[in-house]
Amino acid sequence: MKRKPNSPMLTIRHKWKMKVVALLLVCFCFSTILLMDAQYSQIGASSMFPQFVQKPKIAFLFLARNRLPLDLVWDEFFQGENENRFSIYVHSRPGFLLNRLTTRSRYFFDRQVNNSIQIYWGEATMIEAEIILLQHALMDPFNERFAFLSDSCIPLYNFSYTYDYIMSTSTSFVDSFADTKEGRYNPRMDPVIPVNHWRKGSQWVILTRKHAEIIVKDEVVFPMFQQHCQRKSLPEFWRDRPVPADNSKEHNCIPDEHYVATLLAHKGLEGEVTRRSLTHTSWDISSSKGRERQGWHPVTYKLADATPMLIQSIKDIDNIYYETEYRREWCTSKGKPSPCFLFARKFTRPAAMRLLNMSALGVFKEVSSNSLMR
């Protein structure tokens, strides 16, 4: 039986099918090659240029009168660090701008907050300024620690050592102790702030993000400070105003020395706090200025005081004794004995610049982790 020959139409269709299949195979192979090339290129690029990883940042919050007189010291401290580990905010007098005319450090250009207020010593305006700084710093979701510093404050170590020290613990650093001697507590604060929640300490605190948010959201404790802490007339100001008829009726709790520690105690959060400051302050308790002024103001270090021995004596402090609580706080970092302080105040500009020029501050060189062990 003879086979019928294929029709020309069937032959043409068969050839077209073969061409389509071949074309599809070529396209598939070509796309596979392109995909593999892209993947290998991506792997090669990632090995040559590691992906940027944002690290937790420390927000340095400066409280200043006007300009920052120690800006060059801090410029050396931040030098060589990319800014993915720190941010800077400055509260100065209203209207003051940080630019090339007012600071010699690029790190402070335009870092002033735009809603600053006038601060008066001994009043709650100091707390308001701190809250303003926190509000601005909290806008950056990568800020995890918030360090308050004065315009007369110097760093004692380089940035890497300071960063590792602060970030090595999940706690805030808040100088906090029972205030049983000063008589600053106003009984009218009770029952909102009971006396057993009343604390005293340095205002130079370092806060976790959780505690910073608690301060910004506080609508209970801060109003009590505003209402019941009024500036008390001090003897040196009496020459400018009439002597009060009954000075005992005036009450001044010095809000900045009490607010943060009292708020965290009131919230039951003292277990989340390392109860010491990382900023060293030496208080003048000499009798040369009269009994009224004893203990009121910190020592100001001037040019003649600025020596490597002074800085080393501060660095050598490894414990703090709190007399009112009979408590000695031994300083540790990463579970090992460590220096107590990372910063110190109050230093004049000539004193700070002398220390910087003598390389006495240690802001230039790397400090190994072994130096934490004493």
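Everything here concerns the structure above.
Calculation notes
Residues numbered from 1 in each chain as written. Predicted model: local features only at pLDDT ≥ 70, side-chain atom pairs only at ≥ 80, totals over all residues. Heavy atoms only, no water. Helix = DSSP H or I, 4+ residues; strand = E, 2+ residues; numbered from the N terminus. Buried < 20%, exposed > 50% of the residue type's maximum accessible area, 1.4 Å probe, protein only. Contact = heavy atoms within 4.5 Å. Areas by Shrake-Rupley, 256 points an atom, 1.4 Å probe, with all protein chains shown as cover. Core = buried A, V, L, I, M, F, W, Y, C linked by side-chain atoms within 4.5 Å. 1 Å grid on protein atoms, 1.4 Å probe; cavity = no way out; pocket = protein on both sides within 12 Å on 5 of 7 lines; lining within 4 Å. Points joined across faces, edges and corners; volume = space filled by probe spheres on them. Pairing = 2+ DSSP bridges. Polar contact = N/O pair within 3.5 Å; in protein donor to acceptor, adjacent residues only side chain to side chain.

Please explain the overall build of the protein chain as it appears in this structure.
A count of helices and strands for the protein chain gives 9 helices and 15 strands. Evaluated residue by residue, the protein chain yields a buried proportion of 46% over its 374 residues. Here the analysis covers contacts within the protein chain between residues at least 6 apart in sequence; of these, 78% occur between residues at least 24 apart. Counting every atom, the protein chain has about 21,000 Å² of accessible surface; 56% of that belongs to carbon and sulfur.

Hey, could you run me through the nonpolar core in this one?
Taken as a class, soluble globular proteins show a tendency for nonpolar side chains to be buried jointly. Within the largest apolar cluster, 53 residues are counted, with the highest numbers of intra-cluster contacts made by Phe60, Phe62, Trp74, Phe78, Phe108, Ile154 and Phe347. Those residues in contact with Phe108 that lie beyond four places of it in its chain are Phe62, Leu68, Asp71, Trp74, Phe78, Ile88, Val90, Leu98 and Thr103. Ranked by size, the runner-up nonpolar core spans 41 residues in total, among them Ala129, Ile132, Val205 and Cys229.

Even after reading the chapter, I still don't get empty space enclosed by the protein, so can you show me in this structure?
Which parts of space are left empty comes out when a probe the size of a water molecule is rolled across the atoms. Here the structure, examined in full by the defined rule, presents 3 cavities of 30 Å³ or more. Approximately 50 Å³ is the volume found for the largest cavity.

For this particular structure, what's the right way to read the sheet that holds strand 15 (residues 343–345)?
Read from one edge to the other, the open sheet built from 3 strands follows the order 4-15-10, with strand pairing classed as mixed. Each edge of the open sheet carries a strand with a single partner, namely strand 4 (154–155) and strand 10 (279–281).

I'm lost on the environment of Lys210 in this one. Help?
Along the chain, Lys210 falls in helix 5 (residues 209–217). Among the residues examined, Lys210 registers a relative accessible area of 42% and is labelled partly exposed. In this structure, the C-alpha to C-alpha distance between Lys210 and Glu144, residues 66 residues apart in sequence, is 8.7 Å. Once you skip the residues sitting within four places of it in the chain, Lys210 turns out to touch Leu269 and Glu272. At 2.8 Å, the side chain of Lys210 forms a polar contact with the side chain of Glu272.

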